[in-house]
Amino acid sequence: MFNVIVKDTYDEVSFEAFKVMKGVLNQEKPVLGLATGSSPVGLYKEMIKDHKENGTSYKDILTFNLDEYIGLPRDHEQSYWTFMHENLFDFIDIPEENVHVPLGNGDVEQNCIDYENELKKHVVDVQVLGIGSDGHIAFNEPGTPFDSLTHLMDLEEQTRQDNARFFDNDINQVPERAITMGLASIMRARKIIMIATGANKADAVKGMLEGEKTTACPASILQDHPDVTVVLDKEAASKLG
Ligand code: GLP
């Protein structure tokens, strides 16, 4: 079930997402599913502010990230491990051992199995998601089966083009593969916060909310989830009927 909220500005969108997150942070020992990309950065800023101003502690909180590029060293400036530290973990009191980000190096097939097994020991209380302009969530590109678990994914040209802005606008520097939680892994979360802003997300958002449920639009699987808060700006909501 979708609860759709449309706001004027990115800051307001982020604050709405934070309100849902705050409800989960108030629970005992919550497990957070986290995402990278520009969409959740404002939410992470609110979480850092709340930690500083209200003393919300992350000492007993576990986090699981959705995905990681294959082949970048962990400390590469564009790895998702680095992104999460620079945008959230370095500014809150989370112990490093509570942080889980898929590993995109070494025996990556085995890493998929290990990550899924670790994830399965817990229930994610809230999963943060963005959406790709092609309707992907995490790095589950169109065509990914709805029953997929953590797996390797060849990235679409469009996704690599969208993400080239982080790699000197050079698509050739964007890794060709990723390790990602699968769609079934994501659907196990108790609650989902989807954040989408900007006109380039409008088609994907329409597909997710009003389109046919189909693997051609991976985000459409969320139509089957009992608790999804979708926070949009007007541009991302512009194609909704
Ligand atoms: C990447 C990530 C996704 C993210 C998407 C949108 O491909 N793997 O998890 O949702 O991009 O990113 P952004 O929020 O920057 O638009």
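Positions within a chain are numbered from 1, following the residues in the order the chain's sequence is written. Owing to the predicted nature of the model, reporting of local features is limited to residues with pLDDT of at least 70; listing and counting of side-chain atom pairs is limited to 80 or more, with chain, interface and lining totals taken over all residues. Side-chain numbers come from the whole structure's heavy atoms, not from hydrogens or water.

A. How the structure looks around the sheet that holds strand β7 (residues 151–154). Judged by pairing direction, the sheet is antiparallel, and its three strands sit side by side in the order β4-β8-β7 without closing on themselves. Looking along the sheet, the strands with just one partner apiece sit at the ends: β4 (67–69) and β7. Between one strand axis and the next, the sheet turns by 25° as a mean value, whatever way the strands run. Pairing between strands is defined by DSSP: at least two bridges between them are needed. Numbering goes from the N terminus for both helices and strands, where a helix is a DSSP run of H or I of at least four residues and a strand is a run of E of at least two. Axis geometry follows a simple rule: fit a line to the C-alpha atoms, using only the stretch in contact for helices, then measure angles between N-to-C directions, giving values from 0 to 180 degrees.

B. Region of the structure containing the pattern of salt bridges. Take a side-chain nitrogen of Lys or Arg and a carboxyl oxygen of Asp or Glu: if they are within 4 Å of each other, that pair is a salt bridge. This model, assessed by the stated rule, comprises twelve salt bridges. With its nearest N and O atoms 2.9 Å apart, the salt bridge here joins arginine 188 to glutamate 116. In this pair, arginine 188 sits in the loop between α6 (183–187) and β9 (192–196) while glutamate 116 sits in helix α4 (residues 108–120), placing the two residues 72 residues apart along the sequence. Here glutamate 118 ties to lysine 121 by a salt bridge, and the two come within 2.9 Å at their closest N and O atoms.

C. Local environment of the layout of surface pockets. Using protein atoms alone on a 1 Å grid, points that fit a 1.4 Å probe yet trap it form a cavity, whereas open point sets bounded by protein on both sides within 12 Å along at least five of seven lines form a pocket; residues with an atom within 4 Å of a point count as lining. Grid points are joined across faces, edges and corners, and a volume is the space filled by probe spheres set on the points. Volume-wise, the largest pocket comes out at about 580 Å³. Sorting the residues of the lining of the largest pocket by element identifies β4, α3 (80–87) and α5 (157–163) as the ones contributing at least two each. Counting residues per element, the lining of the largest pocket draws most heavily on α3, which supplies four residues. As a working rule, the residues Ala, Val, Leu, Ile, Met, Phe, Trp, Tyr, Cys and Pro are called nonpolar, Asp, Glu, Lys and Arg charged, and the rest polar, with Gly in that last group. For the lining of the largest pocket, the class distribution of residues is 14 nonpolar, 15 polar and six charged.

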